[in-house]
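Descriptive analysis of the structure
If you want the building blocks of each chain, they are given just below.
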2 protein chains.
Amino acid sequence: MQTRALHTLVRVSILGSFAKVAEEMNTTISTVSMQIKAIEEQLSVEIFDRSHRPPKLTPVGKAVCEKAKLILGAEKELLALSGQENELAGNFRIGFVATASVRLLPDFLKNAQENALHASFELETALSEVLEARVQSGILDAAVVTESERERSDLEYHLLRRERLMFAVPKKFADQPVEALRSKLPFLQFNPGSGIGKLIQQHMSGSSTTGNKQDIVLESVEAIIACVNEGLGFTLLSEPDIRRYASATCGIVPMKTDELVRHLSLAIPKSRFSDGARQQLIGLFGE
Amino acid sequence: MQTRALHTLVRVSILGSFAKVAEEMNTTISTVSMQIKAIEEQLSVEIFDRSHRPPKLTPVGKAVCEKAKLILGAEKELLALSGQENELAGNFRIGFVATASVRLLPDFLKNAQENALHASFELETALSEVLEARVQSGILDAAVVTESERERSDLEYHLLRRERLMFAVPKKFADQPVEALRSKLPFLQFNPGSGIGKLIQQHMSGSSTTGNKQDIVLESVEAIIACVNEGLGFTLLSEPDIRRYASATCGIVPMKTDELVRHLSLAIPKSRFSDGARQQLIGLFGE
DNA sequence: ATACTAAGTTCAGGAATTTTGAATATGCAA
DNA sequence: TTGCATATTCAAAATTCCTGAACTTAGTAT
């Protein structure tokens, strides 16, 4: 019997969804489904009632989960005997993509002080691509980056935040369809060399005809929103970034059609950390 | 983490030898070694001190075993929730090779009465080959047979007894080398159509020149030993069989060179029983 | 109702792990 | 020291596990 599958089961019983667990464990829904099915077959027991969505635990399923927790608890004790450092200890260099540092860094440092007593951190900020290269070369131990579609290299990505991209437009234009704005207002584009900048550019070039107003490229989220606040243009940025700086004169318009989402993830080299340490590090980024 | 490996570890800690555990679990020493190594690597801990033979548990190793027992205990509770019958229940047809039935059957029935309350048994005896065929065809649920080198078919074999073959010779010839006897006494050969008979024949034809006395074939162990008791010939049979019938006039001579051993095993179809039931059934054959 | 969407299942292949048998090494005992 | 039983190593074979794509289904919006 595989304790990994039991762990999956317990997480599903807590999060209530295969999909969330798959994401949490950096694997696919398919795998989660297979693992659960394997347990059900080994025990010849129906753990989930599939006639509901999300699947609900059967009474036996609940009992199985309870026993599984006991096993996992015992396993944890066993792992605690491990000779290797299973706790975050020592000095670590962590990179933050610039656009995330403002919001994530303070909480991270606070959590680190409270929950990682044996670890100290050196921090730096740069573009996602640069950070990833530095993690790969071993200069950094880990980095918070905007995940993109390109090669996932040899790094492991652990999702920290999922941020929806939204339009910030001056209040007086807020009721117009954003497609129409392109011809009336300059589009304020965040640095297209950055990870999120690429996401934005990709969307704007795909969904609109080129505007006749002159677009402006800026490297500061704060500056961009300040411009929107003043009615000088509109922009597309991640929701938390917009809300941080938006004044009363700034309207926030969610995207209609395809949800464009920015994934902020912690990138680490495969097997750079022990399971316990990795878990602890990810925990420092809060929920 | 694989509970199978933990189980292996715990058994090794109890039996004190990789080899014994490999046999008990119907697998190879190599597998046992690999499983233990895997645990040691996962924990980065040295569980056994290899500078001793048999390997002795280190202090950490002892601690690991204790935790492993907790995990296995919890796992057992989980398995107990199983929907399937995990206990021997119902009616079973068991075959016994004739030469083993005298000694094994009484104890088996006693154990069954005490430890398999929900099971009843129908028994039959025949030659090993016949029994194996009947197990394969589903007429029998299991059979105690003399294991031979030939095709292991689709059956699973669980070793029950390891019996050494010895010579039984009249006392007055007991101090002579057995090789010399062949020319002075008839050899009393047990039915060469049976599993053990083949083992015996194989050995006798290989190690001695053909005797000038007339050899005798009998189908009864008891009759053969009775003849030896009377000084009418000598024989080669399994130690417990000889001791059962030998009188004071019968000498028992162990084999010098290669240990010829008879393996009495329980043959069952693969996956005919659940793990628990199989375990229980094997247990009914005593130590 | 109908169609849509998000969530789970199934399946086949590919990746990773485990098992095995043969060859090799090592401790213990004579 | 040899002999022997036992354990380790190694590479191939068997097995298990994971993945991505296609498919199904429950809940929801139209």
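Here is what the cut-offs are and how they apply
Residues numbered from 1 in each chain as written. Chains lettered and ligands numbered in written order. Predicted model: local features only at pLDDT ≥ 70, side-chain atom pairs only at ≥ 80, totals over all residues. Heavy atoms only, no water. Helix = DSSP H or I, 4+ residues; strand = E, 2+ residues; numbered from the N terminus. Buried < 20%, exposed > 50% of the residue type's maximum accessible area, 1.4 Å probe, protein only. Contact = heavy atoms within 4.5 Å. Near = heavy atom within 4 Å. Polar contact = N/O pair within 3.5 Å; in protein donor to acceptor, adjacent residues only side chain to side chain. Nonpolar A, V, L, I, M, F, W, Y, C, P; charged D, E, K, R; others polar. Salt bridge = Lys/Arg side-chain N within 4 Å of Asp/Glu carboxyl O. Axes fitted to C-alpha atoms, helices over the stretch in contact; angles between N-to-C directions. Parallel < 35°, antiparallel > 145°, perpendicular 65-115°, else oblique. Buried area = accessible area lost by both parts, 1.4 Å probe. Domains from an automatic or database assignment. Left-handed = near helix turned anticlockwise from the far one by under 90°.

**Side note on the environment of Val-169 of chain A**
Residues and elements named next belong to chain A. Looking at the element boundaries, Val-169 is found in strand S6 (residues 155-170). Given a relative accessible area of 1%, Val-169 falls into the buried group. The spatial distance from the C-alpha of Val-169 to the C-alpha of Lys-76 is 51 Å, given a sequence separation of 93 residues. Setting aside anything within four residues of it in sequence, one finds Val-169 in contact with Ala-174, Leu-181, Val-228, Phe-234, Thr-249, Cys-250, Gly-251 and Val-253.

**Describing the protein's contact with DNA strand C**
Lining the immediate environment of DNA strand C, one finds 22 residues, of which Ser-33, Arg-50 and Arg-53 of chain A together with Thr-27 and Arg-53 of chain B sit closest. A breakdown of the atoms of DNA strand C within 4 Å of the protein gives sugar and phosphate a share of 65%. Gln-35 of chain B places a polar side-chain atom, nitrogen or oxygen, 3.2 Å from a phosphate oxygen of DNA strand C. Looking at the surface near DNA strand C, the elements that each hand over two or more residues are helix H2 (18-24) and helix H3 (29-43) of chain A together with helix H3 (29-43) of chain B. The greatest single-element share of the surface near DNA strand C, amounting to five residues, is contributed by H3 of chain A. Within the surface near DNA strand C, the residues separate by chemical class into six nonpolar, 10 polar and six charged.

**Re the protein's contact with DNA strand D**
Neighbouring DNA strand D are 22 residues, the closest being Thr-27 and Ser-30 of chain A together with Ser-33, Arg-50 and Arg-53 of chain B. Looking at DNA strand D alone, sugar and phosphate atoms form 67% of those within 4 Å of the protein. Contacts to DNA strand D include Ala-19 of chain B, whose backbone N or O atom sits 2.8 Å from a phosphate oxygen. Within the side chain of Ser-33 of chain B, an N or O atom sits 2.7 Å from a phosphate oxygen of DNA strand D. Elements that contribute at least two residues to the surface near DNA strand D include exactly H3 of chain A together with helix H2 (18-24) and H3 of chain B. Per-element accounting of the surface near DNA strand D gives the leading share, five residues, to H3 of chain B. Among the residues making up the surface near DNA strand D, the classes are represented as six nonpolar, 11 polar and five charged.

**Overview of the pattern of salt bridges**
Per the stated rule, a full pass over the model turns up 36 salt bridges over all chains. Put simply, Arg-162 of chain B and Glu-23 of chain B hold a salt bridge, and the shortest N to O gap is 2.5 Å. Taken as a pair, Arg-162 of chain B in strand S6 (residues 155-170) and Glu-23 of chain B in helix H2 lie far apart in primary sequence, 139 residues in all. Since its relative accessible area comes to 38%, Glu-23 of chain B is described here as partly exposed. With a shortest N-O distance of 3.1 Å, Arg-93 of chain B and Glu-124 of chain B are connected by a salt bridge. Taken together, the residues span a long stretch of sequence, with Arg-93 of chain B in strand S3 (residues 90-97) and Glu-124 of chain B in strand S4 (residues 119-126) at a distance of 31 residues. For Arg-93 of chain B, a relative accessible area of 28% translates into the label partly exposed. On the basis of relative accessible area, Glu-124 of chain B is assigned to the buried category, the value being 17%. A cluster of three or more residues bridged by salt bridges with shared partners is formed by Arg-93, Glu-122, Glu-124 and Arg-134 of chain A.

**Here's the deal with the packing of helix H1 (residues 3-15) of chain B against H3 of chain B**
Residues and elements named next belong to chain B. Contact geometry for H1 and H3: axes closest at 9 Å, N-to-C directions at 105°. Judged on the interaxial angle alone, H3 and H1 are roughly perpendicular. Where H1 abuts H3, its residues Arg-4, Ala-5, Leu-6, Thr-8, Leu-9 and Val-12 lie against Val-32, Gln-35, Ile-36 and Ile-39.

**Remarks on the interface of chain A and chain B**
It is common to report an interface's size as the accessible area lost on association of the parts. Facing the 22 residues of chain A at the interface are 22 residues of chain B. The junction of chain A with chain B conceals about 2,100 Å² of combined surface from both sides, 68% of it contributed by carbon and sulfur atoms. Three residues, Met-1, Leu-78 and Leu-81 of chain A, lead the burial of chain A against chain B; their summed loss comes to 30% of the area buried on that side. Applying the counting rule to chain A against chain B returns two salt bridges. For Lys-67 of chain B, the salt bridge is made with Glu-77 of chain A, and the minimal N-O distance between the two is 2.6 Å. At the junction of chain A with chain B, the criterion picks out six residue pairs in polar contact (both at pLDDT 80 or more). Elements with a contribution of two residues or more to the side of chain A that touches chain B: helix H1 (3-15), H3 and helix H4 (59-80) of chain A. Class assignment of the residues belonging to the side of chain A that touches chain B gives a composition of 12 nonpolar, seven polar and three charged.

**Brief notes about the domain arrangement of chain A**
Residues and elements named next belong to chain A. Domain boundaries assigned for chain A yield domain 1 (3-80), domain 2 (90-161 + 263-283) and domain 3 (163-260). Relative to domain 3, the C-alpha centre of domain 2 lies at a distance of 28 Å. Domain 2 puts eight residues into the contact, and the matching count from domain 3 is 14 residues. Contact with domain 3 buries surface across domain 2, with Thr-99, Arg-103 and Leu-127 losing the most and accounting together for 53% of the total.

**Topic: the packing of H1 of chain B against helix H4 (residues 59-80) of chain B**
Residues and elements named next belong to chain B. With their axes 9 Å apart at the nearest point, H1 and H4 run at an angle of 125° to one another. Overall, the two elements H1 and H4 adopt an arrangement that is oblique. Here the hand of the crossing between H1 and H4 comes out left-handed. Contacts between H1 and H4 pair Thr-3, Leu-6, His-7, Leu-9, Val-10 and Ser-13 from the former with Val-64, Cys-65, Ala-68, Lys-69, Ile-71, Leu-72 and Glu-75 from the latter. Taken together, the residues of the contact of H1 with H4 sort by class into eight nonpolar, three polar and two charged.

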